[in-house]
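Next come the chains, spelled out residue by residue.
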Amino acid sequence: MQDARTMKRNFLWNTFGQLTYMISQYLCGILVVRLAGEQVSGVYNTALTATGIFLAIASYGMYSFQVSDIKEMYSASTYIRSRVWTCTIATVLCAGFVAFNALTGENPYSAEQSICVMLFLGYRMVESFTDIYNAIDQRSERLDIVGKTYAVRGVVTSLSFVLMLKVTGNIVLTLLVMFATSLLVFLFYSLPKARAFYTPEHPQTSRVTALLLECLPLAVYSFLNTTAASIPKLVLAGKLGQTALGIYGPVTQPVVLLQVGATYLFNPFITIFATSYAHRDRKGFFKAVLGVQAVVLALLPVGLLGAHFLGRWGLKTFVAPSLADYQYLLSPMVVSSILTALVLFYSMVLTVMRRMKELIIANVCAIIVSALISSPCVAHWQLQGATIAAILAQLVQVLILGGYAVWYARRHFSQNDEPPVDTYFDGLPGL
C-alpha cells in the first residue's frame, strides 16, 4: 500500500494529466470551426460522434472491471489480447457503417467524410489500447503514470491537430497526422511504462474468451450507453444537415468539460469502492459514494451560473464570434452533462458490485426513450431539441441506475452471509 504522501502526489499527477487531456480535446473541438469553418467542423463532429459508438465496442466497458479485478482473475496479457480482438471487431463494423452511410440516407457521407471517420477511428483505437495499459498502471498504484500519459498524449495530438489544420486547412491530412502522433505516444511512452508492471505471456484463447464472455454485459452496456447519447446528435445531423452539427458541437463542447471533469474525478476511486465493498466496509463505501456524488452535483450550479453570465462572452472569445447567439444552448447542456456524469458514476458503482444485467436494463430503457423522442424534439426545438431529448433519456438512466445501486448496496451491507449475485459472474472477493 502507498503512504498518504505518495497517494496524494499520484492523485495530483492524474488530475493534472486528465485535465490537460480534457482541455486539449476541447481546444480541438472549438478551434476547428475557427480555423476551417462550420462545414469542416461538421465533418469533424460527424467523425467524433460516429466513432464514439465503435470506441465503446473496442473498449468493451472493461476499464472499471480491470482496475477492480483485485483477485487478479485474469492476467494483464489476457486483457491486452482481448483488446486486440475487440478493436479488430470495432474496425470491421465501423467500415461497414461508413459504407452504409455513404450509399444511403438523406445526407449520405461524402468521400471526405468517410475517410475522416476511418482516420478518427484509428485515433480512437489507439485510445482504447492505451486504456488497457492505463488500467495496468492504476492497478499497480501508479496513477501518476496514467496522468502523465494523458498529459503527453493530449498535448502532442492537439498540437499536431491545430498546426496541421492551420497550415493545410485539410481535415483529412490533419486527422492522419493526429492519428500518427497518438500512435507514437502509445508505442514510445504508454507501452514501455506499463511493461514494468507485468510479465508478457501468451494467454490461452480460452482465457481471453472467458474474459470477453464475463465482460459481455459491460460491452453491451457501453455500446448501448454510447448509442443512447449519440442518437439525438445523429438525428440532428440527419434532419438539419452536417452544418447544424458543426454548430451544435463547438457550442456545447465547453459544457462537456463538466461531464468529463467529473468522470476523471471519480475514476481514481475505483479501487477504493471495490475494496470497501468487497470487505463490507459500509462506512467507507458510503462515505466515498456520497462524497463523490456531492462533488458532481455541486458542479451543476457552477455550470449554470457560468453558462448564464459567461456563456456569450466565452463563445465569442474562444469559439467563434458568429456562434455567440447560440448561448441559449448552454444551460440545458450543463444539465445534460451532469446527468451523464451521474450515469457514468452509478454505472461504475454497479460494475464494482458486478451487477452487469442492471446496466443493460437501464440503457435499453434510455435508448427506447431517446429513439422515440429525438426526432420530434429536433423537429420542434431544432438544435435545442437534441439536448432536450438527451436530458429525458438520461433522467430515465439515472433513476434506474441509482435505484439499483441503493437497493443492492443496502442488501449487501445488511447481510452477514454472502449476498446473492448473478451466477454468471465470479465477482469480487466476498461476493
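Bear in mind that the values here come from a model prediction, so they are computed numbers and not experimental data.

Here is what the cut-offs are and how they apply
Residues numbered from 1 in each chain as written. Predicted model: local features only at pLDDT ≥ 70, side-chain atom pairs only at ≥ 80, totals over all residues. Heavy atoms only, no water. Helix = DSSP H or I, 4+ residues; strand = E, 2+ residues; numbered from the N terminus. Contact = heavy atoms within 4.5 Å. Areas by Shrake-Rupley, 256 points an atom, 1.4 Å probe, with all protein chains shown as cover. Lys, Arg positive; Asp, Glu negative; His and termini not counted. Charge placed at Lys NZ, Arg CZ, Asp CG, Glu CD. Salt bridge = Lys/Arg side-chain N within 4 Å of Asp/Glu carboxyl O. Buried < 20%, exposed > 50% of the residue type's maximum accessible area, 1.4 Å probe, protein only. Core = buried A, V, L, I, M, F, W, Y, C linked by side-chain atoms within 4.5 Å. Phe/Tyr/Trp six-rings, centres within 6.5 Å; stacked < 30°, edge-to-face > 60°. Lys NZ or Arg CZ within 6 Å of the ring centre and 35° of its normal. Expected span 1.5 Å × (residues − 1). Bend = angle between axes of the 7 residues up to and from the residue.

Turning our attention to the overall build of the protein. Counting secondary structure elements, the protein contains 15 helices and zero strands. Over its C-alpha atoms, taken along the principal directions, the protein stretches across nearly 60 × 45 × 40 Å. Within the protein, contacts between residues at least 6 apart in sequence are counted, and of these 84% link residues at least 24 apart. Split by element, the accessible area of the protein, about 18,100 Å² in all, is 67% carbon and sulfur. Charged side chains in the protein number 29 positive and 20 negative. The centres of these two groups are separated by 6 Å.

If you walk through the whole model with that rule in mind, you get four salt bridges. For the salt bridge of Arg 312 with Asp 325, the shortest nitrogen-to-oxygen distance reads 3.0 Å. Here Arg 312, found in helix H12 (residues 282-319), pairs with Asp 325, found in the loop between H12 and helix H13 (330-352); they are 13 residues apart in sequence, far enough to count as distant. Residue Arg 312 is classed as partly exposed on the basis of its relative accessible area of 42%. Salt bridges here are not isolated pairs; linked through shared partners, they connect Arg 142, Asp 144 and Lys 148.

In terms of nonpolar packing, the biggest core is built from 58 residues, with Tyr 133, Phe 273, Phe 285 and Phe 345 touching the most fellow members. A total of 11 residues in this core trace back to one element, the largest contributor, which is H13.

Moving on, we come to the packing of aromatic side chains. The tally for this structure, following the rule as stated, stands at 20 aromatic pairs. Ring geometry for Phe 129 versus Phe 186: centroids 6.2 Å apart, planes at 50°, classification tilted. With Phe 129 in helix H5 (residues 111-139) and Phe 186 in helix H7 (residues 171-194), this pair connects stretches of sequence that are 57 residues apart. On the basis of an interplanar angle of 75° and a centroid distance of 6.2 Å, the ring pair of Phe 273 and Phe 285 is categorised as edge-to-face. Residue Phe 273 is found in helix H11 (residues 270-278), and its partner Phe 285 is found in helix H12; the two are separated by 12 residues along the sequence. This pair shows no difference in class: Phe 273 is buried, exactly as Phe 285 is. Linked through ring pairs, Phe 273, Tyr 277, Phe 285, Phe 286, Phe 345, Tyr 346 and Phe 413 together constitute an aromatic cluster. The positively charged end of Lys 148 is found above the aromatic ring belonging to Trp 13, 4.7 Å away from the centroid. Sitting above the plane of the Tyr 408 ring, Arg 355 keeps its charged end 3.9 Å from the centroid.

Here Ala 362 is to be found in helix H14 (residues 356-381). Looking at Ala 362, the relative accessible area reads 0%, which means it is buried. When the C-alpha atoms of Ala 362 and Leu 401 are compared, they prove to be 6.3 Å apart, with 39 residues separating the residues in sequence. Beyond its immediate chain neighbours, meaning those up to four positions away, Ala 362 contacts Gln 397, Ile 400 and Leu 401.

Let us look at helix H2 (residues 38-59). The end-to-end C-alpha separation of H2 is 30 Å, in line with the 32 Å expected for 22 residues at 1.5 Å each. Most pronounced at Gly 52, the bend in H2 amounts to some 35°. Burial of H2 is extensive: 19 of the 22 residues sit out of reach of the surface. Remark: Tyr 60 follows H2 within two positions and exhibits a positive phi of approximately 65°.

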